[in-house]
Amino acid sequence: MDAIQRNVAWKAIPVAAIVAGTVFLAMMMILNPIMYGIDSMFILRYFGSIGMGSDVLVESTTTAMVVGVLVHYLLSLVFTLVISIVVHRWGMIVGIVGGGLLGLAIYAINFYTMTFFFEWMFAIQSVLLVITHIVFGAVAGGVYEALDTYDEPIGGEVVA
């Protein structure tokens, strides 16, 4: 545990979380109306329902949207932390591919446990959601590895 605390690029995790979370949200908000004819803000109401209950799914309120954004980025931070710890020091390719696989695992964990606690979540399960989770993981892992300086030589010199 001490090695993780010393070697993980902690400053890279929030940046990777914001970038990956924004890509996820943008994909959902753009592709949901195109593929399923659903209101683009619907996904934010679903995230808001985690904190406020299923009643917010019926009507679109500013509070539900704000809570939805906060819940989404909080979850993005937690999931990026997990992805970063797993892909740390493996390089860019493993960061992207491993992150994508972890994104798929996060989808499975999220929606097969979340539906136990939040029954209404089953309604948003779709191919698009699987794809966006994979892309989220790949972006989180890739951005983290791009910002991770652990493998760079100290002082810019190659040590033999």
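Computed from a prediction, not measured in an experiment: that's the story for all the values here. (Residues numbered from 1 in each chain as written. Predicted model: local features only at pLDDT ≥ 70, side-chain atom pairs only at ≥ 80, totals over all residues. Heavy atoms only, no water.)

A.B. asks: Describe the pattern of salt bridges, listing the residues and the values that go with them.
C.D. replies: Summed over all chains, the structure comprises one salt bridge. Linking Asp39 and Arg45 is a salt bridge whose minimum nitrogen-to-oxygen distance equals 3.3 Å. Judged by relative accessible area, Asp39 falls into the partly exposed class, the value being 42%. Judged by its relative accessible area of 8%, Arg45 falls in the buried class. (Salt bridge = Lys/Arg side-chain N within 4 Å of Asp/Glu carboxyl O. Buried < 20%, exposed > 50% of the residue type's maximum accessible area, 1.4 Å probe, protein only.)

A.B. asks: With reference to specific residues and values, describe the packing of aromatic side chains.
C.D. replies: Scanning the model with the defined rule gives seven aromatic pairs in all. Measuring from centroid to centroid gives 4.9 Å for Phe42 and Tyr46, while their planes differ by 70 degrees, and the two rings are edge-to-face. With Phe42 and Tyr46 both in helix α3 (residues 42-52) and four residues apart, this pair spans about one turn of that helix. For Tyr46, a relative accessible area of 5% corresponds to the buried category. These aromatic residues form a ring-pair network of at least three members: Phe24, Phe47 and Phe136. (Phe/Tyr/Trp six-rings, centres within 6.5 Å; stacked < 30°, edge-to-face > 60°. Helix = DSSP H or I, 4+ residues; strand = E, 2+ residues; numbered from the N terminus.)

A.B. asks: Tell me about helix α4 (residues 62-87), and please be specific about residues and values.
C.D. replies: Taking 1.5 Å per residue, 26 residues should reach 38 Å; α4 reaches 37 Å between its end C-alpha atoms and fits that length. Those residues of α4 not exposed but buried are Ala64, Met65, Gly68, Val71, His72, Ser76, Phe79, Thr80, Ile83, Ser84 and Val87. (Expected span 1.5 Å × (residues − 1).)

A.B. asks: How would you explain the packing of α4 against helix α5 (residues 92-117) if you had to name every residue and give the values?
C.D. replies: Closest axis-to-axis distance for the α4/α5 pair is 10 Å, and the angle between their directions is 135 degrees. The angle between α4 and α5 falls in the class oblique. Every pair of crossing elements has a handedness; the one defined by α4 and α5 is right-handed. Contacts between α4 and α5 pair Phe79, Ile83, Val86 and Val87 from the former with Val94, Gly95, Gly98, Gly99, Leu102, Ile106 and Asn110 from the latter. Taken together, the residues that form the contact of α4 with α5 break down as seven nonpolar, four polar and no charged. (Axes fitted to C-alpha atoms, helices over the stretch in contact; angles between N-to-C directions. Parallel < 35°, antiparallel > 145°, perpendicular 65-115°, else oblique. Left-handed = near helix turned anticlockwise from the far one by under 90°. Contact = heavy atoms within 4.5 Å. Nonpolar A, V, L, I, M, F, W, Y, C, P; charged D, E, K, R; others polar.)

A.B. asks: Lay out helix α2 (residues 12-36) with the relevant residues and their values.
C.D. replies: Taking 1.5 Å as the rise per residue, α2 with 25 residues should run 36 Å; its terminal C-alpha atoms sit 35 Å apart, in good agreement. Within α2, the axis deviates most sharply at Ile30, by approximately 25 degrees, and proline Pro33 lies no more than four positions further along. Along α2, the residues that are buried comprise Ala12, Ile13, Ala16, Ala17, Ala20, Gly21, Phe24, Leu25, Met28 and Asn32. The inward-facing, buried residues of α2 abut α3, α4 and α6 (127-147). (Bend = angle between axes of the 7 residues up to and from the residue.)

A.B. asks: Can you lay out the environment of Ile93 for me, pointing to particular residues and giving the numbers?
C.D. replies: Within the secondary structure, Ile93 sits in helix α5. Residue classification places Ile93 among the exposed residues on the basis of a relative accessible area of 68%. The sequence separation of Ile93 and Glu145 amounts to 52 residues, and the corresponding C-alpha distance is 9.0 Å.

A.B. asks: Before we move on, could you go through the nonpolar core and cite the residues and values that matter?
C.D. replies: The biggest cluster of nonpolar side chains holds 32 residues, and the ones touching the most others in it are Met121, Ile124, Leu129 and Tyr144. At the level of secondary structure, the elements contributing two or more residues to this core comprise α2, α3, α4, α5 and α6. A total of seven residues in this core trace back to one element, the largest contributor, which is α2. Residue contacts for Leu129: discarding those within four places in its chain leaves Phe24, Met28, Tyr107, Phe111 and Ile124. (Core = buried A, V, L, I, M, F, W, Y, C linked by side-chain atoms within 4.5 Å.)

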